[in-house]
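The lines below spell out each chain.
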Amino acid sequence: MTTPLVAGLAVGAAAYGARAALQAFNAWKTAGPRMRQFYKGGFQSEMTRREAALILGVRESAPEEKVKEAHRRIMIANHPDAGGSSFIAAKVNEAKDMLLGKKRGGGTIF
């Protein structure tokens, strides 16, 4: 008499666990990336608008305010006076100039 009861409880527990596992898998599958993906790779010899947008993390057609805000945010973290790299700072400045249409004398000195 107790064997069918135990078997029924075991089947019910297995079904409940499988349901919870499927719900967790579906939630994980539909969730977006947890961390923001940043630009991977080195710099091109001549900067393009696409590369400039990737460096600043904005769209190529972003308005001037968004470009300036992104530039400011990145430069606060990477300014040479605060221990950042002068190469990175030069590339960030070049990216801002490229997106705003203010082309400096062609590339950086590095």
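If you're wondering where the values come from, they're calculated on a predicted model, not measured in any experiment.

### Thoughts on the packing of helix H3 (residues 64–78) against helix H4 (residues 86–100)
Phase 1: Running from amino to carboxyl end, H3 crosses H4 at an angle of 175 degrees, the nearest separation of the two axes being 10 Å. Considering the angle they form, H3 stands roughly antiparallel to H4. Across the interface between the two elements, Glu64, Val67, Lys68, His71, Ile74, Met75 and Asn78 from H3 touch Ile88, Ala89, Val92, Asn93, Lys96, Leu99 and Leu100 from H4.
Phase 2: Residue composition of the contact of H3 with H4, grouped by class: 8 nonpolar, 3 polar and 3 charged.

### Focus on the nonpolar core
Phase 1: One finds Leu56, Val58 and Val67 to be the most contacted residues of the largest nonpolar core, which totals 16 residues.
Phase 2: Those elements giving two or more residues to this core turn out to be helix H2 (49–56), H3 and H4.
Phase 3: Among the elements that make up this core, the one with the highest residue count is H4 (6 residues).
Phase 4: Those residues in contact with Val58 that sit more than four places away from it in its chain are Ala53, Lys66, Val67, Ala70 and Leu99.

### A few points about H3
Phase 1: If you check H3, its first and last C-alpha atoms are 21 Å apart, about what 15 residues at 1.5 Å a residue would give, namely 21 Å.
Phase 2: Considered for burial, the residues of H3 that qualify are Val67, Ala70, His71, Ile74 and Met75. Here the buried residues of H3 occupy an arc of 130 degrees about the axis, which is enough to place them on one side. Away from its buried face by more than 90 degrees, H3 exposes Glu65, Lys66, Arg72, Ile76 and Ala77.

Calculation criteria
Residues numbered from 1 in each chain as written. Predicted model: local features only at pLDDT ≥ 70, side-chain atom pairs only at ≥ 80, totals over all residues. Heavy atoms only, no water. Axes fitted to C-alpha atoms, helices over the stretch in contact; angles between N-to-C directions. Helix = DSSP H or I, 4+ residues; strand = E, 2+ residues; numbered from the N terminus. Parallel < 35°, antiparallel > 145°, perpendicular 65-115°, else oblique. Contact = heavy atoms within 4.5 Å. Nonpolar A, V, L, I, M, F, W, Y, C, P; charged D, E, K, R; others polar. Core = buried A, V, L, I, M, F, W, Y, C linked by side-chain atoms within 4.5 Å. Buried < 20%, exposed > 50% of the residue type's maximum accessible area, 1.4 Å probe, protein only. Expected span 1.5 Å × (residues − 1). Arc of directions from axis to C-beta.

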